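Examining the three-dimensional arrangement
Spelled out from the first residue to the last, the chains are:
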Amino acid sequence: MANEGIKIGIFMSSLQIGARENLIFQVGKDLSKKGHKVLFVFIGAHEKLLEKVDASCETINLLNWSNRIPLIRKVNKIKLFLGIWHLKKFLNKEEPDVFLSISIPPNLAALVAKTLSKAKTKIIVRQSNIISIRNYPEYKCVKKRMRDFLIPILYKNANGFIAVSNGVKENLQRLLGKSLNVRVIYNKVLDKNWRDEPKRKPKHSWFHDPNLVVFLAVGRLVAKKDYPTMIKAFQVASNTNHSIRLIILGDGPQKNKIEDLIKNLKMKDKIQLQGHVQNTQPYYYYSYGFLLSSVSEGMPSSVIEALGATCQIVATDCPSGPSEILAEGKYGRLVKIKDHKMMAQKILESLEYRIPEAKLLERAGDFTSKDGIKEYSDAISGFFSGN
């Protein structure tokens, strides 16, 4: 691969732009610079997402008409289902040597399309989350999904896997067997400018009050993030320390439920939802601490970004990711899942005993996007050559 360019397809979700997506766009650019033909493939992607693709790469947006239909526009799973046949036709026509799929719903669509096609393309699956598996108590909090019965059937047709953490790798091997061809590549999303001081603070008044200490949470408002535990923990902690505040960035189906809980606990003056924010870096930079209360993850980029901003981190020791990022508590505080009292205790402890910034930055150096880009390029090379 180093001497002769190959054709590489990269298949991504068509809705969001986050740390993961920005990293993969850089991977595509790097592969193109090395002489490979890179095709970014989407199903019904919006313009802002398409604009992120480097000019050196080709962009293919299947079912681009779907963005004009309100019912379909914001539902990625419907787009993927409708787009499988078109994806099959793409594989038959372009016959990429390698096709890298970035997350679980696109993974399933890519593997169905490959099964239907005549292409000899090697499918590489990037696994970003833990899957529920029976008889493993450590996964008891992982939500069971309809897709779970499809994963072991379709994933057997993949030529290789990239797991975002050792915990995800172990989960895959328990599901599909120890002989699985898996490489671990962390979400190395910190670019060289991440620690730079932003041009301005966020507008929120709490960042401009020297008497307040701001904690941050970032992530979709969904059940697996378990925001109720975080909110209850913050209520307990704020009863002891009246100067702390919590800002939550993100949107999702649990928004009303979370707002009602904040209201019922009389915490509206101490916890606020700010919705989806495109540029989160200033929020990380000016926050003292960062909270994660998830019951399951893969390798949460938000914790890595908080580490790069030298936030004091309190996170659940869920499967998987936080423990690996924080080196089992060396670089942040780990708490049990759904234990709001323990989380409250660790929030207060983080105010009393701060982990030095130099120590946090040293660990953050293990998650640079420069290293991540190289590891993805090397992995694709290895999968193509059979190494």
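Note: the structure precedes this text.
Below you will find a few notes about this structure.

Reading the values: rules and limits
- Residues numbered from 1 in each chain as written.
- Predicted model: local features only at pLDDT ≥ 70, side-chain atom pairs only at ≥ 80, totals over all residues.
- Heavy atoms only, no water.
- Core = buried A, V, L, I, M, F, W, Y, C linked by side-chain atoms within 4.5 Å.
- Buried < 20%, exposed > 50% of the residue type's maximum accessible area, 1.4 Å probe, protein only.
- Contact = heavy atoms within 4.5 Å.
- Disulfide = S-S within 2.5 Å.
- Helix = DSSP H or I, 4+ residues; strand = E, 2+ residues; numbered from the N terminus.
- Pairing = 2+ DSSP bridges.
- Patch = residues over 30% accessible without salt bridge, like charges linked within 9 Å, V, L, I, M, F, W, Y side chains within 5 Å.
- Areas by Shrake-Rupley, 256 points an atom, 1.4 Å probe, with all protein chains shown as cover.
- Salt bridge = Lys/Arg side-chain N within 4 Å of Asp/Glu carboxyl O.
- Lys, Arg positive; Asp, Glu negative; His and termini not counted.
- Charge placed at Lys NZ, Arg CZ, Asp CG, Glu CD.
- Phe/Tyr/Trp six-rings, centres within 6.5 Å; stacked < 30°, edge-to-face > 60°.
- Axes fitted to C-alpha atoms, helices over the stretch in contact; angles between N-to-C directions.
- 1 Å grid on protein atoms, 1.4 Å probe; cavity = no way out; pocket = protein on both sides within 12 Å on 5 of 7 lines; lining within 4 Å.
- Points joined across faces, edges and corners; volume = space filled by probe spheres on them.
- Nonpolar A, V, L, I, M, F, W, Y, C, P; charged D, E, K, R; others polar.

Counting 102 residues, the largest nonpolar core has Phe11, Phe40, Phe42, Phe99, Tyr155, Phe161 and Phe290 as the members making the most contacts within it. Apart from residues lying up to four places away in sequence, phenylalanine 290 is in contact with Phe215, Leu216, Ala217, Val218, Tyr284, Ser302, Val303, Ala306, Cys311, Gln312, Ile313 and Val314. Residues Met267, Ile271, Val335 and Ala344 belong to the second largest nonpolar core, which totals 25 residues.

The subject of this paragraph is the state of the cysteines. Summed over the entire model, instances satisfying the criterion amount to zero disulfides. Unpaired in terms of disulfides, cysteine 311 finds its nearest cysteine sulfur in cysteine 318, a separation of 18 Å.

Here the focus is the pairing of strand S4 (residues 98-101). Look at any regular strand and the pattern is simple: side chains alternate between the two faces of the sheet. Burial along S4 is two-sided: the face carrying Val98 and Leu100 and the face carrying Phe99 and Ser101 are both buried. Pairing of strand S1 (residues 7-11) with S4, which is carried by four bridges, proceeds in the parallel orientation. Bridged to isoleucine 10 within S4 is leucine 100. Examined bridge by bridge, S4 and strand S5 (residues 122-127) share four bridges and lie parallel to one another. Among the inter-strand pairings, valine 98 is bridged to a residue of S5, identified as lysine 122.

This part covers a positive patch on the surface. Taken together, the side chains of Lys77, Lys143, Arg145 and Arg220 define a basic patch exposed on the protein surface. Along the chain, lysine 143 turns up in the loop between S5 and helix H6 (151-154). A relative accessible area of 54% means that lysine 143 is categorised as exposed.

To continue, consider the side chain of threonine 229. Along the chain, threonine 229 falls in helix H8 (residues 227-240). Taking relative accessible area as the criterion, threonine 229 reaches 9% and is therefore assigned buried. Apart from residues lying up to four places away in sequence, threonine 229 is in contact with Lys338, Asp339 and His340.

Judged by side-chain polarity, Trp65, Ile69, Leu71, Val75, Ile78, Phe81 and Leu82 come together as a nonpolar surface patch covering roughly 650 Å² of accessible area. By residue number, the principal contributor to the nonpolar patch is helix H4 (residues 76-94), which donates three residues. Assignment of secondary structure puts leucine 71 in helix H3 (residues 70-73). A relative accessible area of 67% means that leucine 71 is categorised as exposed.

Moving on to the packing of aromatic side chains. Applying the stated rule across the entire model yields 13 aromatic pairs. Consider the rings of phenylalanine 25 and phenylalanine 40, whose centres lie 5.4 Å apart with planes at 50°: the pair is tilted. Here phenylalanine 40 lies in strand S2 (residues 37-43) and phenylalanine 25 lies in helix H1 (residues 19-33), a separation of 15 residues in the sequence. By the burial criterion, phenylalanine 25 is buried, and phenylalanine 40 matches it. Ring geometry for tyrosine 285 against tyrosine 286: centres 4.9 Å apart, planes inclined by 75°, an arrangement best described as edge-to-face. An aromatic cluster of at least three residues, connected via ring pairs, comprises Phe11, Phe90 and Phe99.

With that settled, consider the sheet that holds S1. One open sheet holds the seven strands; their spatial order is S3-S2-S1-S4-S5-S6-S7, and the pairing between them is parallel. In this open sheet, the two strands that pair with only one neighbour each are strand S3 (58-62) and strand S7 (182-184). For this sheet, the mean inter-axis angle between neighbouring strands, taken without regard to orientation, is 20°. Those strands touched by helix H5 (residues 104-116) are S1, S4 and S5, and its axis lies near 165° from that of S5.

With that settled, consider the layout of surface pockets. Its boundaries defined by the atoms lining it, the second largest pocket holds a volume of some 370 Å³. Lining of the second largest pocket is provided by 18 residues; of these, Leu190, Asp191, Lys192, Thr368 and Ser369 occupy positions nearest its centre. Among the elements that take part in the lining of the second largest pocket, helix H15 (residues 369-385) stands out by supplying four residues, more than any other. Class assignment for the residues of the lining of the second largest pocket results in five nonpolar, six polar and seven charged.

What follows deals with the pattern of salt bridges. If you walk through the whole model with that rule in mind, you get 15 salt bridges. Measuring nitrogen to oxygen at the nearest pair gives 2.6 Å for the salt bridge that ties lysine 188 to glutamate 375. Of the two residues, lysine 188 is situated in the loop between S7 and strand S8 (213-218) and glutamate 375 in helix H15; the sequence distance between them amounts to 187 residues. When the shortest N-O distance is used, the salt bridge between arginine 354 and glutamate 357 registers 3.5 Å.

Let us look at the side chain of glutamate 324. One can find glutamate 324 in helix H12 (residues 322-325). Here glutamate 324 sits buried without a salt bridge, and the closest side chain of opposite charge, arginine 363, lies 7.1 Å off (N-O distance). Filtering out sequence-adjacent residues up to four positions away, glutamate 324 remains in contact with Ser165, Asn166, Gly167, Tyr186, Met299 and Arg363.

Any functional reading would require information that these geometric values do not contain.
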